[in-house]
Amino acid sequence: MSSSSTETLLVDVVMPQMGVSVSEGTVVEWRKQPGDWVDADEIICAISTDKIDTDVESPASGRVAEILVEVGTTVDVGTVMARIATDARPGEAHASETVPAPATPPPAAPREAPAPASPDGRRYSPVVQRIAAEHGVDLGRVPGTGRGGRVRKQDVLAFIEQGAPPAAAPEEPPLHIESPYRPEPAAPQAPAGTLSRMRRQIGEHMKRSLETAATCTTWIEADMLAVERARAQLGITALPIVARCAIDALREFPALNAWLDGDAYTVHESVHLGIAVSLGEDGLIVPVVHDAQDFSAEGLAKRIRDLARRARAKDLRPDDVAGGTFTITNPGQYGSIMATPVINQPQVAILDLEAVVKRAVVVDDAIAIRPMTILGLSWDHRALDGALAAQYLAALRRRIEGWP
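Numbering of residues starts from 1 in every chain and runs along the sequence as written. Only residues with pLDDT of at least 70 get local features here, since the model is predicted, and only at 80 or more are side-chain atom pairs given and counted; chain-wide, interface and lining totals rely on the full set of residues. With hydrogens and water excluded, all non-hydrogen atoms of the structure serve as input to the side-chain values.

### Some words on the overall build of the protein chain
So, point 1. From N to C terminus, the protein chain includes 8 helices and 20 strands.
So, point 2. Exposure categories follow from relative accessible area, calculated using a 1.4 Å probe and restricted to protein chains: below 20% of the type maximum is buried, above 50% is exposed, and the middle band is partly exposed. Looking at the 404 residues of the protein chain, the share that counts as buried comes to 48%.
So, point 3. Whether two residues are in contact is decided by their heavy atoms: any pair within 4.5 Å suffices. Contacts spanning at least 24 positions in sequence make up 66% of the contacts within the protein chain whose residues lie at least 6 apart.
So, point 4. Exposure was quantified through the Shrake-Rupley algorithm and a 1.4 Å probe, taking into account, for residues, occlusion by the shown protein chains and nothing else. With the model as given, the accessible surface of the protein chain reaches about 19,200 Å², and the carbon-plus-sulfur share is 53%. By the criteria applied, helices consist of DSSP H or I runs no shorter than four residues and strands consist of E runs no shorter than two, each listed in order from the N terminus.

What follows is the structure, encoded as structure tokens:
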């Protein structure tokens, strides 16, 4: 919060943080203009990043005093986009009469031209139009719940969830994080010899993590027979069952469910589980299942599917990618058998689930064919020791092989 005088209290509206590899965003629409009244938690603008399109809610009730970022402008995370005069009241004079003008006023943000009218005469925000286009939705069939019957993003998503016939979608890419086994795109998205902005951001984050953490990786084998039987019966993948086992093991070894930020080491009681999701050529993102300890395997499966779907539709909210305390990555769906995942800062560990492969193993002094996998744990030696990492993996394997 900032104050321009002893009589006027201003609250900043800032570009939110939306994932570890997202460092900037673009304003695509202002719903309010200087002088307009806005309620706390009411949508004030829409923003777009390479991974998320979302609405920004007002942090407080008041009158919009100034808009500092014009539509179409890209700014860094944390940049002040607008200011709200919180000492104003509904029905009072225009903000320009109550908020002293700054000594050097910034250029006024022009009102965005209205969105082009559709054949049905209604107007739609850029976010709504993009989601509808991606899912082949006729917006004329979508009932609007916004002011004056305006179709909001939530309305389009609800319409899709209710079984509206979408356009044919490509095969859903698997959940995974960056790994040496990820296939390169068939056609580069940037000129030859250069990296895309998103790829540079991901690279910078991974490099920063490796420079910050004393990264070590420990592996362990696990027999997935019980998990394979259970997932076939439940109609889910192995990932949510392994996730449930990983959560239970974290409750036994909470030191891994922690952050290390500088010298500040924080162990978390709740498990906020990050699940790495591939966005194809657009990179990756790690949405978070908050309070994952409260979900069953079936509940985790549903929640993971929902987050992955919304990640690929660029419909994640800032809260969906914030606060993770432990991350799971699943590159094994590409057939890889071993990797060394990079820790998602400021977390202290990340679990790698590799391919489940049938092979001959010794079971009770006899040779048997079992579905086996290798679980890898990258951990920060500044906060943990190898013995603790090995004990955690042993506890995880015990739960996997003894499921349920």
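Anyway, onward from the coordinates.
### Let's talk about helix α6 (residues 238-252)
So, point 1. One less than the number of residues in a helix, times 1.5 Å, gives the span that helix is expected to have. Across its 15 residues, α6 extends 22 Å between first and last C-alpha, which sits within 8% of the 21 Å expected from 1.5 Å per residue.
So, point 2. For α6, the tally of buried residues reaches 12 of 15 residues, placing the bulk of the element in the interior.
So, point 3. Listed as buried for α6 are A238, L239, P240, I241, V242, A243, R244, C245, A246, I247, A249 and L250.
So, point 4. Those residues of α6 hidden inside the fold are in contact with α5 (225-234), β13 (273-275), α7 (297-312), β17 (326-329), β18 (349-353) and α8 (386-401).
So, point 5. Polar contact criterion, stated in full: a pair of N or O atoms within 3.5 Å, where within protein one must be able to donate a hydrogen and the other to accept it, and residues adjacent in sequence count only if both atoms are side-chain atoms. Of the residues that open α6, the one with a side-chain oxygen 3.4 Å from the backbone nitrogen of L239 is T237.

### Details of the sheet that holds strand β3 (residues 24-30)
Adjacent strands of a sheet pair through backbone hydrogen bonds, lying either parallel or antiparallel.
So, point 1. Here, any two strands with at least 2 DSSP bridges between them count as paired. What the 4 strands build is an open sheet, ordered β6-β5-β3-β8; its pairing is antiparallel. At either end of the open sheet lies a strand with only one pairing partner, and these are β6 (53-57) and β8 (74-76). For this sheet the average axis-to-axis angle between neighbouring strands, irrespective of direction, equals 40°.
So, point 2. Summarising the sheet, β3 and strand β5 (residues 43-48) pair through 4 bridges and their orientation is antiparallel. Directly across from V27, in β5, lies its bridge partner I47. Axis angles are defined between N-to-C directions and span 0 to 180 degrees, where every axis is a line fitted to C-alpha atoms and, for a helix, only to the segment in contact.

### A few points about the pairing of β3
So, point 1. β3 sits mainly inside the fold: 6 of its 7 residues count as buried.
So, point 2. In the sheet, β3 pairs with β8 via 3 bridges, with the strands oriented antiparallel. By the bridge assignment, E24 is partnered in β8 with D76.

### With respect to the packing of α6 against α7
So, point 1. With their axes 8 Å apart at the nearest point, α6 and α7 run at an angle of 120° to one another. With respect to the hand of their crossing, α6 and α7 are arranged in right-handed fashion. Note on element contacts: α7 touches α6 through A297, L300, A301 and I304, opposite L239, P240, I241, A243, R244 and I247.
So, point 2. When residues are sorted by character, Ala, Val, Leu, Ile, Met, Phe, Trp, Tyr, Cys and Pro go into the nonpolar class, Asp, Glu, Lys and Arg into the charged class, and all the rest, Gly among them, into the polar class. Partitioning the contact of α6 with α7 into residue classes produces 9 nonpolar, no polar and 1 charged. Helix crossings are classified by the rotation of the near helix relative to the far one: an anticlockwise turn of less than a right angle makes the crossing left-handed, while a clockwise turn makes it right-handed.

### Side note on the pairing of β18
So, point 1. Within β18, 5 of the 5 residues are buried, leaving the element largely enclosed by the surrounding structure.
So, point 2. Relative to β18, β17 runs parallel, the two sharing 3 bridges. Along β18, the bridge assignment pairs T329 with D352.
So, point 3. One ladder, built from 5 bridges, connects β18 with strand β20 (residues 366-380); its direction is antiparallel.

### Some words on the nonpolar core
So, point 1. If you look at the biggest cluster of nonpolar residues, it comprises 73 residues, and the most contacted ones within it are M81, L273, L351, L377, Y392 and L396.
So, point 2. For this core, the leading source of residues is α6, giving 10 residues.
So, point 3. Those residues in contact with Y392 that sit more than four places away from it in its chain are A246, A249, L250, F253, L256, F326 and L377.
So, point 4. We define the nonpolar core as a collection of buried residues of types Ala, Val, Leu, Ile, Met, Phe, Trp, Tyr and Cys that are connected through side-chain atoms lying within 4.5 Å of one another. V128, A132, L139 and F159 belong to the second largest nonpolar core, which has 15 residues in total.

### Concerning the packing of α6 against α8
Between two packed helices, what matters for the description is the angle formed by their axes and the separation of those axes.
So, point 1. One can describe the packing of α6 onto α8 by two numbers: an axis separation of 9 Å at closest approach and a directional angle of 135°. On the basis of their axis angle, the class for α6 and α8 is oblique. The two elements α6 and α8 meet at a crossing, and its hand is right-handed. Contact residues: α6 offers V242, C245, A246, D248, A249, L250 and E252, while α8 offers Y392, A395, L396, R398, R399 and I400.
So, point 2. Here the contact of α6 with α8 is built from residues that sort into 9 nonpolar, no polar and 4 charged. Oblique is the label for every angle not falling under 35 degrees (roughly parallel), over 145 degrees (roughly antiparallel), or within 65 to 115 degrees (roughly perpendicular).

### Overview of the confidence of the model for the protein chain
So, point 1. Scored from 0 to 100, pLDDT records how confident the predictor is in each individual residue. Looking at the protein chain as a whole, its pLDDT mean stands at 83, while 79% of the residues score no less than 70.
So, point 2. Scored below 50 in pLDDT, residues 95-116 makes 35 contacts in the model with residues more than four places away or belonging to other chains.
So, point 3. Under a pLDDT of 50 for its full length, residues 165-190 has, in the predicted model, 52 contacts with residues more than four places off or in other chains.

### Focus on the pattern of salt bridges
So, point 1. Whenever Lys or Arg places a side-chain nitrogen within 4 Å of a carboxyl oxygen from Asp or Glu, that contact is recorded as a salt bridge. For the structure shown, the criterion picks out 18 salt bridges.
So, point 2. The partner of R31 in a salt bridge is D55, and the shortest N-O contact between them spans 3.7 Å. On the criterion of sequence distance, the pair formed by R31 in the loop between β3 and β4 (37-38) and D55 in strand β6 is long-range, its members being 24 residues apart.
So, point 3. For R31, a relative accessible area of 27% corresponds to the partly exposed category.
So, point 4. Residue D55 is classed as buried on the basis of its relative accessible area, which comes to 13%.
So, point 5. Two residues, R244 and D248, come together in a salt bridge whose shortest N-O distance is 2.6 Å. One end of the pair is R244 and the other is D248, both in helix α6 and 4 residues apart, which spans about a single turn.
So, point 6. The class for R244 is buried, based on a relative accessible area of 11%.
So, point 7. Bridged by salt links that share partners, the residues R303, D306, R309, R310, R317 and D320 form one connected network.

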